[in-house]
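# Coordinates in review
Below, each chain spelled out in residue letters.
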Amino acid sequence: MRFRHPDGTTVHLAYCTNVHPAETLDGVLTQLRDHCEPVRRRLGRDRLGIGLWLARDAAHALVTDPSALRVLRTELDRRGLEVVTLNGFPYEGFGAEKVKYRVYKPDWTDPERLEHTTALARVLTGLLPDDVTEGSISTLPLAWRTGYDEADAEKSRTALLTLAERLDALHELTGRSIRVGLEPEPGCVVETTGDAIAPLAAIAHDRIGICVDTCHLATSFEDPQTALDALTTARVPVVKTQLSAALHAEHPHLPEVREALAAFDEPRFLHQTRTATAAGLRGTDDLGAALAADALPDGAPWRAHFHVPLHAAPAAPLTSTLPVLQAALTQLVGGPHPLTRHLEVETYTWQALPPALRPRARTQLADGIAAELTLARDLLTDLGLKELP
């Protein structure tokens, strides 16, 4: 979906396909048929943006076989789908029964992360629509925090500088500009937008910036205006933004609230949980740990890294951080010029929701994704953007 900002800029809205597990190219092609095209049809649009997640095997097939890339591009065109952004954070196994800490490997200290991201950039140049010259990729925020030292920081910096050089060369070769954004996430070396400024300043390259995920922003209790103003002051480019909402518990000391939270404590993904105290942010690596006795202070609200559907906040006594998303979006695209041109709805946790809230069929999932995109579209048009055909 494309929108025209009042300044004339085109802003792209997509939804991320990491909600549909697939490790191979055949799996990706099946996604387009079974999920993405049905969502487009529900929206009544001739064209729908998707943020592709390409696992290692799929990316390798596409970058080593030009005919495979042509097949994918043809299928996208045939089904009324377009790609301007890729989710390069998960490497493989994102559809496994237990992901947890595995999603942070390989990190930016491992040469494989650089090679995979380079492959994604090469693939994206071949997938961009004919009238689009800029693509974006979100990636791991350096590494998970534990065991990360100065030597690791130098390895990461060197790898990202090498990536920047490769992206420059790719632009010279293809005329397409690909930018990569570190995606701050609770528990990682770069947990907040503020944490991203120093390592990105050390790289100081226009093609390496930040991907702002509004669920992660909210989970860390960051104020959107303060965070985005700081990025602007530091001249850190917002390569893309993932529109997502976290789980919010206003009164975590109440037994009924803890019971409601426990229903979201599931075995597949990490759900880092945070609370803001006078002494600073306190947190646990997972929701179950937070619910253990005295693990977190409970005199102030808790937020958990659980991407809840944008259009359907959890039932009371819980809610979502949709207001944080709205405030961030106002800062990002509601001003005289957009701070980012690539927006991606990223609710990958539909099948991790409490059983009563999970979609029971592909049709229900398509309905839910279409409803999320409709909400995002309405937020954009309310900010003065005009939807394009």
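Everything numeric in this text was worked out from a predicted model, so none of it was measured. (Residues numbered from 1 in each chain as written. Predicted model: local features only at pLDDT ≥ 70, side-chain atom pairs only at ≥ 80, totals over all residues. Heavy atoms only, no water.)

### Topic: the environment of R113
Locating R113 in the fold gives a position in helix 4 (residues 111-127). In this structure R113 comes out as buried when scored by relative accessible area, which is 0%. Spatially, the C-alpha atom of R113 lies 35 Å from that of P355, the residues being 242 residues apart in sequence. One polar contact links the side chain of R113 to the main-chain carbonyl oxygen of F89, over a distance of 3.0 Å. (Helix = DSSP H or I, 4+ residues; strand = E, 2+ residues; numbered from the N terminus. Buried < 20%, exposed > 50% of the residue type's maximum accessible area, 1.4 Å probe, protein only. Polar contact = N/O pair within 3.5 Å; in protein donor to acceptor, adjacent residues only side chain to side chain.)

### Things to note about the environment of A312
Tracing the chain through its elements places A312 in the loop between strand 12 (302-308) and strand 13 (318-320). For A312, a relative accessible area of 35% puts it in the partly exposed group. For A312 and L322, which are 10 residues apart along the polypeptide, the C-alpha to C-alpha distance reads 9.7 Å.

### Focus: the nonpolar core
In this structure, L13, Y15, I50, L54, L72 and L373 are the most contacted members of the largest nonpolar core, which totals 118 residues. The greatest single-element share of this core, amounting to 9 residues, is contributed by helix 12 (residues 362-382). Setting aside chain neighbours within four positions, we find Y15 in contact with H20, H35, C36, V39, L48, G49, I50, G51, E344, V345, I369 and L373. (Core = buried A, V, L, I, M, F, W, Y, C linked by side-chain atoms within 4.5 Å. Contact = heavy atoms within 4.5 Å.)

### A short note on the sheet that holds strand 10 (residues 273-277)
Taking strand neighbours across the sheet as the criterion, the 5 strands line up as 11-10-12-9-13 in an open arrangement whose pairing is antiparallel. Each of the sheet's edge strands pairs with one partner strand only, and the pair in question is strand 11 (280-284) and strand 13. When the angles between neighbouring strand axes are averaged without regard to direction, this sheet yields 30°. For strand 9 (residues 245-249) and strand 12, the ladder comprises 4 bridges, and the chain directions are antiparallel. Counted as the bridge partner of A249 is W302 from strand 12. (Pairing = 2+ DSSP bridges. Axes fitted to C-alpha atoms, helices over the stretch in contact; angles between N-to-C directions.)

### Considerations on helix 1 (residues 25-43)
If you check helix 1, its first and last C-alpha atoms are 26 Å apart, about what 19 residues at 1.5 Å a residue would give, namely 27 Å. Bending of helix 1 peaks at approximately 40° at the position of L32. (Expected span 1.5 Å × (residues − 1). Bend = angle between axes of the 7 residues up to and from the residue.)

### What about the pattern of salt bridges?
The tally for this structure, following the rule as stated, stands at 28 salt bridges. Across the salt bridge formed by R42 and D367, the nearest N and O atoms sit 2.5 Å from each other. With R42 in helix 1 and D367 in helix 12, the pair connects residues that are 325 residues apart, well separated along the chain. When its relative accessible area of 37% is taken as the criterion, R42 is described as partly exposed. E75 is the partner of R79 in a salt bridge, and the nearest nitrogen-oxygen pair spans 3.0 Å. Here the residues in one salt-bridge network are E37, R40, R41, E75, R78 and R79, joined through shared partners. (Salt bridge = Lys/Arg side-chain N within 4 Å of Asp/Glu carboxyl O.)

### Digging into the pairing of strand 7 (residues 208-213)
Burial within strand 7 is extensive, with 6 of its 6 residues counted as buried. Bridge count between strand 7 and strand 8 (residues 238-243): 4 bridges; the pairing is parallel. Within the sheet, the bridge partner assigned to C211 lies in strand 8 and is K240.

### Focus: the packing of helix 4 against helix 5 (residues 150-174)
Between helix 4 and helix 5, the shortest axis-to-axis distance is 10 Å and the interhelical angle comes to 20°. On the basis of the axis angle, helix 4 is roughly parallel to helix 5. As for how helix 4 packs across helix 5, the hand of that crossing is right-handed. From helix 4, L114, E115, T117, T118, A121, R122 and T125 reach across to helix 5, where they touch A159, T162, L163, R166, L167, L170 and T174. Each residue belonging to the contact of helix 4 with helix 5 can be placed in one class, and the counts come to 6 nonpolar, 5 polar and 3 charged. (Parallel < 35°, antiparallel > 145°, perpendicular 65-115°, else oblique. Left-handed = near helix turned anticlockwise from the far one by under 90°. Nonpolar A, V, L, I, M, F, W, Y, C, P; charged D, E, K, R; others polar.)

### Overview of the packing of aromatic side chains
Inspection of every chain in the model, using the stated rule, returns 8 aromatic pairs. What links up through ring pairs into an aromatic cluster is the set W53, F94, F269 and Y348. The ring of F221 carries R303 above its face, with NZ or CZ at 4.4 Å from the centroid. (Phe/Tyr/Trp six-rings, centres within 6.5 Å; stacked < 30°, edge-to-face > 60°. Lys NZ or Arg CZ within 6 Å of the ring centre and 35° of its normal.)

### Some details on the packing of helix 11 (residues 322-333) against helix 12
In contact at an axis separation of 10 Å, helix 11 and helix 12 are set at 45° when each is read in the N-to-C sense. In terms of orientation, helix 11 lies oblique with respect to helix 12. Where helix 11 crosses over helix 12, the two elements pack in a sense that is right-handed. Residues L322, L325, Q326, L329 and V333 of helix 11 lie in contact with helix 12, whose contacting residues are L375, L379 and L380. When its residues are assigned to classes, the contact of helix 11 with helix 12 shows 7 nonpolar, 1 polar and no charged.

### Brief notes about the state of the cysteines
This structure, assessed with the given rule, holds 0 disulfides. Not engaged in a disulfide, the cysteine C211 finds its nearest cysteine sulfur in C16; these two sulfurs lie 9.5 Å apart. Judged by its relative accessible area of 0%, C211 is buried. We note that C215 lacks a disulfide partner, and the nearest cysteine sulfur, in C211, lies 12 Å from it. (Disulfide = S-S within 2.5 Å.)

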